[in-house]
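Reading the structure
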Amino acid sequence: MRNSSLLFLLLVTCTFFSCREKADDSKTFYSGPKSELFGIDMVYSDSARKVVRMLTDVQLTLSTEDRVYPKEVKLWFYDKKGRITSEVRGDSAHYFRVKNTYKLIGHVVINNIEKEETLKTDEFNWVVSEKRIFTDKPVQLRTRSELVNGVGLDAAQDFSTYSLRQVRNSVVAVEGLPTN
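Since we're looking at a predicted model, the values are computed, not measured.

A few words on the pattern of salt bridges. Under the defined criterion, the tally for this structure stands at 12 salt bridges. Salt-bridge contacts for E72 lead to R89; the nearest nitrogen and oxygen are separated by 3.0 Å. Of this pair, E72 sits in the loop between β3 (67-69) and β4 (73-78) while R89 sits in strand β5 (residues 84-90), and the two are 17 residues apart along the sequence. Judged by its relative accessible area of 35%, E72 falls in the partly exposed class. One connected set of salt bridges, linked through shared partners, spans E130, R132, D136, D154 and R165.

So, in structure tokens, the structure goes:
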């Protein structure tokens, strides 16, 4: 009887340990976004005055507090009287928290409404604290009378002033002829 009790105890112990789930000692690390927001319509203000409005479909906040905007981003810059001075669009964007800088990427178009000028490039950077934009990429600037191609641009964030670093293939329109 003693052997059968020992055998039974051994059988129960083996069954208990074999049926028990093994503890997962590996540490699972989540590398996805910290948060996801949809339908973003954000206004940046200074002294209770609207400065910039941003519109986009998706905002992903990463663990570093950087933000990724994987869909089209639209920006509107306002003057001190609340009028839109320029508008910007890009295929996507990335906000770098440490540098307080936005990078718009893909088919970036900047329209200066006051000057009736349009600038196209593949990417540009907006340094919020310095209120300026810049790019090292090729740019195309269309004014009322010129079509200017170049590489690199430095500008005020509202595109009121700008300078092209390397001008190439500038075309001046003759009055009455299209610049296309």
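From this point, things continue past the structure.
Attention now moves to the packing of aromatic side chains. Centre distance and the angle of the planes are the two values used to describe a pair of aromatic rings. Summed over the entire model, instances satisfying the criterion amount to 7 aromatic pairs. Aromatic pair Y44 and Y102: ring centres 6.3 Å apart, planes at 85°, arrangement edge-to-face. With Y44 in strand β1 (residues 35-46) and Y102 in strand β7 (residues 101-112), this residue pair connects regions lying 58 residues apart in the sequence. Given the relative accessible area of 2%, Y102 is considered buried. One aromatic cluster is present, formed by Y44, Y69, F77, Y95, Y102 and W126 through successive ring pairs. Between R53 and the ring centre of W76, over which it is positioned, the NZ or CZ distance is 5.1 Å. One cation-aromatic arrangement involves R67 over Y95; the distance from NZ or CZ to the ring centre is 4.2 Å.

Taking burial as the measure, the 11 residues of strand β10 (residues 146-156) include 8 buried ones, the bulk of the element. Sheet analysis places strand β9 (residues 132-142) next to β10, joined by 9 bridges and oriented antiparallel. Bridge pairing links T135 to L153 in β10. Following β9, the chain reverses through 3 residues before pairing antiparallel with β10.

Turning to the side chain of T61, a few remarks are in order. When you line up the elements, T61 lands in strand β2 (residues 49-61). Leave out the neighbours within four places in its chain, and T61 touches P33, K34, S35, D66 and R67.

The next subject is the environment of L37. Note on placement: L37 falls in strand β1. With 23 residues separating them along the chain, L37 and L60 place their C-alpha atoms 6.5 Å apart.

Glancing now at the environment of Q140. For Q140, the position within the fold is in strand β9. On the basis of relative accessible area, Q140 is assigned to the partly exposed category, the value being 26%. When the C-alpha positions of Q140 and V167 are compared, they lie 9.6 Å apart, and in sequence the two are 27 residues distant. Dropping the residues within four chain positions of it, Q140 is found in contact with T118, L119, K120, L147, V148 and N149.

Position of V88 among the secondary structure elements: in strand β5. Distance from V88 to K74, taken between C-alpha atoms, is 5.6 Å for residues 14 residues apart in sequence.

Turning to the pairing of strand β6 (residues 92-96), a few remarks are in order. Of all 5 residues that make up β6, 4 are buried, and the element is covered over most of its length. The pairing of β3 with β6 spans 3 bridges and is classified as antiparallel. Within the sheet, the bridge partner assigned to R67 lies in β6 and is Y95. Relative to β7, β6 runs antiparallel, the two sharing 5 bridges. Note on β7: the bridge partner recorded for A93 is L104. Taking the residues that link successive antiparallel strands as the turn, the β6-β7 hairpin has 4 residues, and the phi of N100 there is positive, at about 50°.

About the thresholds
Residues numbered from 1 in each chain as written. Predicted model: local features only at pLDDT ≥ 70, side-chain atom pairs only at ≥ 80, totals over all residues. Heavy atoms only, no water. Salt bridge = Lys/Arg side-chain N within 4 Å of Asp/Glu carboxyl O. Helix = DSSP H or I, 4+ residues; strand = E, 2+ residues; numbered from the N terminus. Buried < 20%, exposed > 50% of the residue type's maximum accessible area, 1.4 Å probe, protein only. Phe/Tyr/Trp six-rings, centres within 6.5 Å; stacked < 30°, edge-to-face > 60°. Lys NZ or Arg CZ within 6 Å of the ring centre and 35° of its normal. Pairing = 2+ DSSP bridges. Contact = heavy atoms within 4.5 Å.

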